[in-house]
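Given next are the chains, with one letter for each unit.
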Amino acid sequence: MDPRLAHRFGGNLRRARRRADLSQVQLARLVELNRVDVGQLERGRRLPRLDTILKLSAGVEQSSCVLLAGLRWRPGYYVNGGFCVDDPSEASAAAKRGAR
């Protein structure tokens, strides 16, 4: 597991939870998780399963896309492909190159 994935997901989750004005305990109760699990997810110590992502997105009343923002699959053969974290500065540089 690339730790950047877990870190990015955790940051997305933390921001969404705060926007929803929920504590970790409140979110955990809403989605039937343990508060410790929510804390570990937010700190990037682990990655959630798909069903957990869907529960969390319902709990914060946001699309799952909000929680997955900045995460994508880089196509390629097994050795070259894989999940990666979008770097906002790279995305803006690529957009500028495409505009030329």
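Note that the structure is a prediction, hence the values are computed from the model and not measured. Once a new chain begins, its residue numbering starts again from 1 and follows that chain's sequence as written. For this predicted model, a pLDDT threshold of at least 70 governs which residues receive local features, and a threshold of 80 or more governs which side-chain atom pairs are given and counted, while totals over whole chains, interfaces and linings are taken from all residues. Here the side-chain values reflect all heavy atoms present in the structure, with hydrogen atoms and water set aside.

Some points on the overall build of the chain
Argument step 1. A tally of regular secondary structure across the chain gives 6 helices and 2 strands.
Argument step 2. By definition, any uninterrupted DSSP run of H or I lasting at least four residues is a helix, any uninterrupted run of E lasting at least two residues is a strand, and each is numbered from the N terminus. Counting from the amino terminus, helix and strand elements in the chain follow one another as α-α-α-α-α-β-β-α.
Argument step 3. The classification of residues rests on relative accessible area computed with a 1.4 Å probe and restricted to protein chains. Under 20% of the type maximum is buried, over 50% is exposed, and intermediate values are partly exposed. Residues counted as buried form 32% of the 100 residues belonging to the chain.
Argument step 4. Sequence-distant contacts in the chain: of pairs separated by 6 or more residues, those separated by 24 or more amount to 54%.
Argument step 5. Carbon and sulfur atoms provide 53% of the accessible area of the chain, an area that totals close to 6,800 Å². Residue contacts are defined here by distance: any two heavy atoms, one from each residue, within 4.5 Å place the two residues in contact. Only the protein chains shown count as cover for residues, with accessible areas throughout obtained via the Shrake-Rupley method and a probe of 1.4 Å.

With respect to helix H3 (residues 35-42)
Argument step 1. Buried residues of H3: Val 38, Gly 39, Leu 41 and Glu 42, and no others. An end-on view of H3 places all buried positions within 160° of arc, on one side of the element.
Argument step 2. Those residues of H3 that are buried lie in contact with helix H1 (3-19), helix H2 (24-31) and helix H4 (50-59).
Argument step 3. Where H3 begins, the capping side chain belongs to Asn 34, and its oxygen is found 2.7 Å from the backbone nitrogen of Val 36. Taking the helix axis as origin, the arc is that swept by the directions to the C-beta atoms. Whenever a nitrogen or oxygen atom comes within 3.5 Å of another N or O atom, the pair is scored as a polar contact, on the condition that within protein one atom can donate a hydrogen and the other can accept it, and that pairs from neighbouring residues in sequence are kept only if both atoms are in side chains.

Re the pattern of salt bridges
Argument step 1. Throughout this description, the term salt bridge denotes a Lys or Arg side-chain nitrogen within 4 Å of a carboxyl oxygen of Asp or Glu. Within the structure shown, the criterion is met by 4 salt bridges.
Argument step 2. Across the pair Arg 14 and Glu 42 runs a salt bridge, and its minimum N-O distance is 3.8 Å. In this pair, Arg 14 sits in helix H1 while Glu 42 sits in helix H3, placing the two residues 28 residues apart along the sequence.
Argument step 3. Residues Asp 51 and Arg 49 are paired through a salt bridge, measuring 2.5 Å at the closest nitrogen-oxygen approach.
Argument step 4. Judged by relative accessible area, Arg 49 falls into the exposed class, the value being 58%.
Argument step 5. One network of salt bridges, in which partners are shared, links Arg 14, Arg 17 and Glu 42.

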